[in-house]
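Structural description and commentary
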Amino acid sequence: MATIFSGMQPTGELHLGNYLGALRQWVELGRSGEHEGIYCVVDCHAFTAPYDAKTFPSRVFETALTFLAGGLADQDATVFVQSDVPEHMELAWYLSCVAPMGELGRMTQFKEKSEQHKTAVNAGLFTYPILMAADILLYKATLVPVGHDQIQHLEFARDCARHFNHRFGKEVFPEPKPHPLTLRIRGTDGNEKMSKSRGNAIGLLEPEAAIWKKLKGAFTDPERTTRDKPGRPEICNIFTMHGAVTPAEKVKQIDADCRSAAIGCGDCKKMLAESLEVELVPIRARAAELRAHPERVTTALAEGAAKCRTIAQKTMVEVKDAAGVRGSKSKP
Ligand code: AMP
Ligand code: TRP
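Attention shifts here to the site of ligand 2. Surrounding ligand 2, one finds 14 residues, the nearest of these being Ser6, Gly7, Val42, Met132 and Asp135. For the shell around ligand 2, the element with the highest residue contribution is strand S1 (residues 2-8), accounting for 4 residues.

So, in structure tokens, the structure goes:
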């Protein structure tokens, strides 16, 4: 059975972009029953940027809770926290010795982040893709659902696998393939990307009234300045979200009614709020249940980590074996 692996940084409560653009796709991929799904809260990747160590544990917990509430709890999927499996860091070292330095320097995300954190560019930010490659290769995952901004990192992971196999003449790692996640949710302010740090996000677990307040003020088609002007659904973020949560027949109708100005943006948003409620009610209920029983989250994570450690240790034996690393068992 092919293994799917993906990860997300512990941002805390996820937003609709994270859910519709990533988490829900993970859940859908798992539904086929054809894959083994492993999903990781990548806390060690978060170390590359400054954060508050006091609130960090609650962010990790909240992210894991949201993974489970978002649908992974109903599946056989494995959910765990990266720092619980130290082999990620161990493999990252071995991979760093086969990883081409030049390629690391070409990573768009590194260029952007080092520009953002000019005064605090650390080596971890530079080697971030190596740890990501280790995450994936440790489980010999072959399918990796990622957004387009992570495709370059995934190609890098493939290179790491190829270089390692080639250097030691053994097929230790299969080459992971991306499963591109193409849905992009824009912020309520019309910004290219909904994101918590930009303050333009709708939280996945926010109550109905709070979501409605944000939707009401959300950016639509900037040229539709009056109710009687026809709209352009293809450029409207509200319509993008309809595409994700509203039944197809109704989406078609909304498309037509927006173009003919039969409905206004307010009507369209009302219908979106209704569709979102259908989608979010069970998620909110599962989240409340988990919040009332936090030990369920902790147990799921502990079980996930135990399972992952077993796989990870087995891979590390193969890695060291291929590389001739025997430690104290080295013989003349
Ligand atoms: P981030 O927290 O930005 O690293 O995102 C975590 C995951 O959510 C990644 O797989 C992203 O591709 C996805 N994601 C984040 N923001 C959005 C968005 N606005 N629209 C769609 N997907 C998103
Ligand atoms: N770098 C990814 C992101 O920022 C998160 C991540 C870490 C990941 N390790 C991974 C994604 C392994 C897929 C597979 O979104």
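Around ligand 1 sit 16 residues, and of these Gly17, Gly21, Ala22, Gly147 and Met194 come closest. Breaking the shell around ligand 1 down by element, the ones donating at least two residues are helix H1 (16-31) and strand S4 (143-147). Examining the composition of the shell around ligand 1, we find that 4 residues originate from one element, H1, more than from any other. Residues that form the shell around ligand 1 fall into these classes: 7 nonpolar, 7 polar and 2 charged.

Once that is clear, we can look at unusual backbone geometry. Apart from glycine, the bulk of residues carry a negative phi angle, and the bulk of peptide bonds sit in the trans form. For Lys140, which is not glycine, the phi torsion reads 50° and is therefore positive. Within the secondary structure layout, Lys140 lies in the loop between helix H7 (123-138) and S4. Looking at Lys140, the number of C-beta atoms within 10 Å reads 18, which means it is partly exposed. In this model, Ala261 sits at a positive phi of 65°, which is unusual for a non-glycine residue. Along the polypeptide, Ala261 turns up in the loop between helix H11 (248-259) and helix H12 (265-292).

Of all hydrophobic cores here, the largest spans 84 residues; its most connected members are Ala64, Leu68, Val79, Leu95, Ala133 and Leu137. By residue number, the principal contributor to this core is H7, which donates 9 residues. The two domains that each donate at least three residues to this core are domain 1 (2-184 + 295-329) and domain 2 (206-289). Leaving out residues up to four positions away in the same chain, Val79 has contacts with Tyr39, Ala64, Phe67, Leu68, Leu72, Ala300, Leu301 and Gly304.

Our next topic: the environment of Val41. Structurally, Val41 can be placed in strand S2 (residues 35-41). Taking the C-beta count within 10 Å as the criterion, Val41 has 28 such neighbours and is therefore assigned buried. Considering only alpha carbons, one finds Val41 and Thr11, 30 residues apart in sequence, at a separation of 9.4 Å.

This paragraph deals with the environment of Pro174. Tracing the backbone through its elements, the reader meets Pro174 in the loop between helix H8 (151-168) and strand S5 (177-181). For Pro174, a count of 15 C-beta atoms within 10 Å corresponds to the partly exposed category. Spatially, the C-alpha atom of Pro174 lies 42 Å from that of Lys252, the residues being 78 residues apart in sequence. For Pro174, the contacting residues outside a window of four places in its chain are Lys140 and Thr142.

This part is about helix H3 (residues 56-69). Counted at 1.5 Å a residue, the expected span for H3 with its 14 residues is 20 Å, and the 20 Å between its end C-alpha atoms agrees. The element H3 is largely enclosed, with a buried count of 10 among its 14 residues. Considered for burial, the residues of H3 that qualify are Val60, Phe61, Glu62, Thr63, Ala64, Leu65, Thr66, Phe67, Leu68 and Ala69. One or two residues past the end of H3 sits Gly71, with phi positive at roughly 135°.

The subject of this paragraph is the packing of H3 against helix H13 (residues 294-323). Relative to each other, H3 and H13 sit at 90°, their axes nearing to 10 Å. By the angle between their directions, the pair H3 and H13 is classed as roughly perpendicular. Contacts from Phe61, Ala64, Leu65 and Leu68 in H3 reach Val297, Ala300 and Leu301 in H13. Considering only residue class, the contact of H3 with H13 consists of 7 nonpolar, no polar and no charged.

In this section: the pairing of strand S3 (residues 78-81). Of the two faces of S3, the one lined by Thr78 and Phe80 and the one lined by Val79 and Val81 are each fully buried. With 4 bridges joining them, S2 and S3 adopt parallel strand pairing. Each bridged residue has a counterpart across the sheet, and for Tyr39 the counterpart in S3 is Val79.

Okay, the domain arrangement of the protein next. Taken as a whole, the protein is organised into domain 1 (2-184 + 295-329) and domain 2 (206-289). Computed over C-alpha atoms, the centres of domain 1 and domain 2 are 33 Å apart. In this complex, domain 1 contributes 6 residues to the contact, which on the side of domain 2 involves 4 residues. Class assignment for the residues of the side of domain 1 that touches domain 2 results in 5 nonpolar, 1 polar and no charged.

Counting buried positions over the 7 residues of S2 gives 6, a clear majority of the element. Judged from the 7 bridges that link them, S1 and S2 form a sheet pairing that is parallel. Considered in S2, the bridge of Phe5 is made with Ile38. Handedness of the crossover is the feature at issue here: the chain leaves S1, passes through H1, returns alongside S2, and the resulting connection is right-handed.

Rules used throughout
- Residues numbered from 1 in each chain as written.
- Chains lettered and ligands numbered in written order.
- Predicted model: local features only at pLDDT ≥ 70, side-chain atom pairs only at ≥ 80, totals over all residues.
- Near = placed C-beta within 6 Å.
- Helix = DSSP H or I, 4+ residues; strand = E, 2+ residues; numbered from the N terminus.
- Nonpolar A, V, L, I, M, F, W, Y, C, P; charged D, E, K, R; others polar.
- Buried ≥ 20, exposed ≤ 12 C-beta atoms within 10 Å, placed from the backbone.
- Core = buried A, V, L, I, M, F, W, Y, C linked by C-beta atoms within 7 Å.
- Domains from an automatic or database assignment.
- Contact = placed C-beta atoms within 7 Å.
- Expected span 1.5 Å × (residues − 1).
- Axes fitted to C-alpha atoms, helices over the stretch in contact; angles between N-to-C directions.
- Parallel < 35°, antiparallel > 145°, perpendicular 65-115°, else oblique.
- Pairing = 2+ DSSP bridges.
- Right-handed = clockwise from strand over helix to strand, strands pointing away.

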